[in-house]
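Each chain, written out:
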Amino acid sequence: MAEVLDDDEIEQNLPEGWERDGDEIVRTYEFDDYLQGISFVSDVGEVAEEEFHHPEIVVGYKEVEVRLTTHDAGGITDLDMRLADLFNDEF
Ligand SMILES: C[C@H](O)[C@H](O)[C@H]1CNC2=NC(N)=NC(=O)C2=N1
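Under an unreviewed UniProt entry, the name given to the protein is Putative pterin-4-alpha-carbinolamine dehydratase, and the organism recorded is Halogranum gelatinilyticum. As its UniProt record puts it under Sequence similarities (unreviewed entry), the protein is described as follows: "Belongs to the pterin-4-alpha-carbinolamine dehydratase family." Under the UniProt heading Catalytic activity (unreviewed entry), the note attached to the protein is "(4aS,6R)-4a-hydroxy-L-erythro-5,6,7,8-tetrahydrobiopterin = (6R)-L-erythro-6,7-dihydrobiopterin + H2O".

And the structure:
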């Protein structure tokens, strides 16, 4: 099982555009309209399912918040950092 990272490891490995919020890393994406955000959620879901690591996704008007933590480990792990990096490559 992936190990929970300590504060320094999290700070040193946080992918660009992502912030730490407690036991999660989070990034908010902005869109020109609501349906673009909805389409983005589907794209995120595809990648998450391929990687079998799933974010919490909060859909707002013209923005989507993506939150990552590793539930099995009870905190932020390399699995979260890796998926955040992958999202940065994909979107
Ligand atoms: C059995 C367990 O739910 C699975 O191994 C996967 C599914 N997707 C997951 N997603 C996230 N974010 N954390 C997990 O620990 C996790 N576990």
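**Here we look at the site of the ligand**
Close to the ligand lie Phe52, His53, His54, Thr69, Thr70, His71 and Asp72, which account for all nearby residues. A distance of 2.7 Å separates a nitrogen atom of the ligand from a polar atom in the side chain of His54. Thr69 is positioned such that a nitrogen or oxygen atom in its backbone is 2.7 Å from a nitrogen atom of the ligand. In a pocket analysis with a 2 Å cut-off to the grid points, the ligand is assigned to the largest pocket. Along the lines of polarity and charge, the residues of the shell around the ligand split into one nonpolar, five polar and one charged.

**With respect to the sheet that holds strand E4 (residues 63-68)**
What links the strands of a sheet is backbone hydrogen bonding, and the strands pair in either a parallel or an antiparallel sense. Strand order in the open sheet made by the four strands is E1-E2-E4-E3, with antiparallel pairing throughout. Across the chains shown, the open sheet's two edge strands, defined by having one partner strand only, are strand E1 (19-21) and strand E3 (56-59). Neighbour to neighbour, the strand axes of the sheet diverge by 30° on average, direction disregarded. Summarising the sheet, E3 and E4 pair through four bridges and their orientation is antiparallel. Opposite Val58, over in E4, you have Glu65 as the bridge partner.

**Some points on the pattern of salt bridges**
Tallying each qualifying case throughout the model produces five salt bridges. For Asp7, the salt bridge goes to Arg20, with nearest N and O atoms at 2.7 Å. Of this pair, Asp7 sits in helix H1 (residues 7-13) while Arg20 sits in strand E1; the two residues are 13 residues apart in sequence, bridging distant segments of the chain. Here Arg20 falls in the partly exposed class, since its relative accessible area comes to 32%. The residue Glu51 makes a salt bridge to Arg82 at a minimum N-O spacing of 2.8 Å. Of the two residues, Glu51 sits in helix H2 (residues 34-51) while Arg82 sits in helix H3 (residues 78-90), which places them 31 residues apart along the sequence.

Each value, and the rule that gives it
Residues numbered from 1 in each chain as written. Predicted model: local features only at pLDDT ≥ 70, side-chain atom pairs only at ≥ 80, totals over all residues. Heavy atoms only, no water. UniProt positions renumbered as here; feature names shortened; annotations may be inferred. Near = heavy atom within 4 Å. Polar contact = N/O pair within 3.5 Å; in protein donor to acceptor, adjacent residues only side chain to side chain. 1 Å grid on protein atoms, 1.4 Å probe; cavity = no way out; pocket = protein on both sides within 12 Å on 5 of 7 lines; lining within 4 Å. Sits in = over half its atoms within 2 Å of the grid points. Nonpolar A, V, L, I, M, F, W, Y, C, P; charged D, E, K, R; others polar. Pairing = 2+ DSSP bridges. Helix = DSSP H or I, 4+ residues; strand = E, 2+ residues; numbered from the N terminus. Axes fitted to C-alpha atoms, helices over the stretch in contact; angles between N-to-C directions. Salt bridge = Lys/Arg side-chain N within 4 Å of Asp/Glu carboxyl O. Buried < 20%, exposed > 50% of the residue type's maximum accessible area, 1.4 Å probe, protein only.

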